[in-house]
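Survey of secondary and tertiary structure
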Amino acid sequence: MKKLISLLFASLLILSCDSDDDNDTNADNNNQGEPAVEVPQTSIIRIASVNTENDTVTLTNLGNASIDIGSYFLCLGPGTYRQISDITTEGTTLANAATITLSYDVDPDADGLSIFSSNAFSSSEPEVLIDYVQWGAGGQARVGQAVTAGRWDNADNFVPLSTSYTFTGAANEVGAQFW
């Protein structure tokens, strides 16, 4: 009986080890048997820089999928918005890590800049209010919406006065500390 149990146990052990590599989709990639992880394709458009001296705004795609931002809007507040396709002759499709620099009149002393994916400027939906930055003083137009949408950390936080502002954070980081 002990022999039979030992043989049965040994057979089960061999069978359980036999298929270890059957689900290893990364075996050729030397990932030590970890299954392949599919990375979702997303685009993450961020305001990469604002230069108040020459009135330019640079947008960057920090995601891994291309996106056409021609229908997006830059907005400084009520009545001060422009559709991106109307202010550039460049192509508006941004691949991963691609940038576009746009001429856009901004206040050098204090302002707040938003990117909206549509002309629904009252929206706080993260899919509509894409990104935000404010400089010179807190409480700029649309900052409340940006905080609600998770695009800015606090209505009172702002980037200290300068002539050029550059985003230094990662795609998922928001707020004055990343400028």
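Our subject is the structure listed above.
Here's what I pulled together on the structure shown here.

Basis of the calculations
- Residues numbered from 1 in each chain as written.
- Predicted model: local features only at pLDDT ≥ 70, side-chain atom pairs only at ≥ 80, totals over all residues.
- Heavy atoms only, no water.
- Buried < 20%, exposed > 50% of the residue type's maximum accessible area, 1.4 Å probe, protein only.
- Helix = DSSP H or I, 4+ residues; strand = E, 2+ residues; numbered from the N terminus.
- Pairing = 2+ DSSP bridges.
- Core = buried A, V, L, I, M, F, W, Y, C linked by side-chain atoms within 4.5 Å.
- Phe/Tyr/Trp six-rings, centres within 6.5 Å; stacked < 30°, edge-to-face > 60°.
- Contact = heavy atoms within 4.5 Å.
- Salt bridge = Lys/Arg side-chain N within 4 Å of Asp/Glu carboxyl O.
- Axes fitted to C-alpha atoms, helices over the stretch in contact; angles between N-to-C directions.

Before going further, it helps to spend a moment on the pairing of strand β1 (residues 45–51). For β1, the tally of buried residues reaches 7 of 7 residues, placing the bulk of the element in the interior. Between β1 and strand β2 (residues 56–61), which pair antiparallel one after the other, the connecting turn spans 4 residues, and Asp55 there sits at a positive phi close to 50°. Sheet topology note: the β1/strand β10 (residues 164–166) ladder contains 3 bridges and is antiparallel. Of the residues in β10, the one forming a bridge with Ser49 is Thr166.

Counting 39 residues, the largest nonpolar core has Leu59, Leu74 and Leu113 as the members making the most contacts within it. For this core, the secondary structure elements donating two or more residues are β1, β2, β4 (73–77), β7 (99–103), β8 (111–116), β9 (129–135) and α2 (143–149).

It is worth spelling out the packing of aromatic side chains at this point. Applying the stated criterion across every chain, the model contains 7 aromatic pairs. Site record: aromatic cluster; members linked through ring pairs are Phe73, Tyr81, Phe116 and Phe121.

Take the environment of Ser114 next. Along the chain, the position of Ser114 falls in strand β8. Under the relative-accessibility criterion, Ser114 is labelled buried at 0%. Not counting chain neighbours up to four residues away, the residues in contact with Ser114 comprise Phe73, Leu74, Cys75, Asp131, Tyr132 and Arg142.

Tallied over the full model, the rule gives 1 salt bridge. With a closest N to O distance of 3.0 Å, Arg46 and Asp131 form a salt bridge. Within this pair, whereas Arg46 is found in strand β1, its partner Asp131 is found in strand β9, the two being separated by 85 residues in sequence. With respect to class, Arg46 is no different from Asp131; both count as buried.

Strand order in the open sheet made by the 4 strands is β7-β2-β1-β10, with antiparallel pairing throughout. The open sheet is flanked by β7 and β10, the only strands paired with a single partner. Each strand of the sheet is rotated relative to its neighbour by a mean of 25°, with strand direction disregarded. Across 5 bridges, β2 lies against β7 in antiparallel orientation. Counted as the bridge partner of Thr58 is Thr101 from β7.

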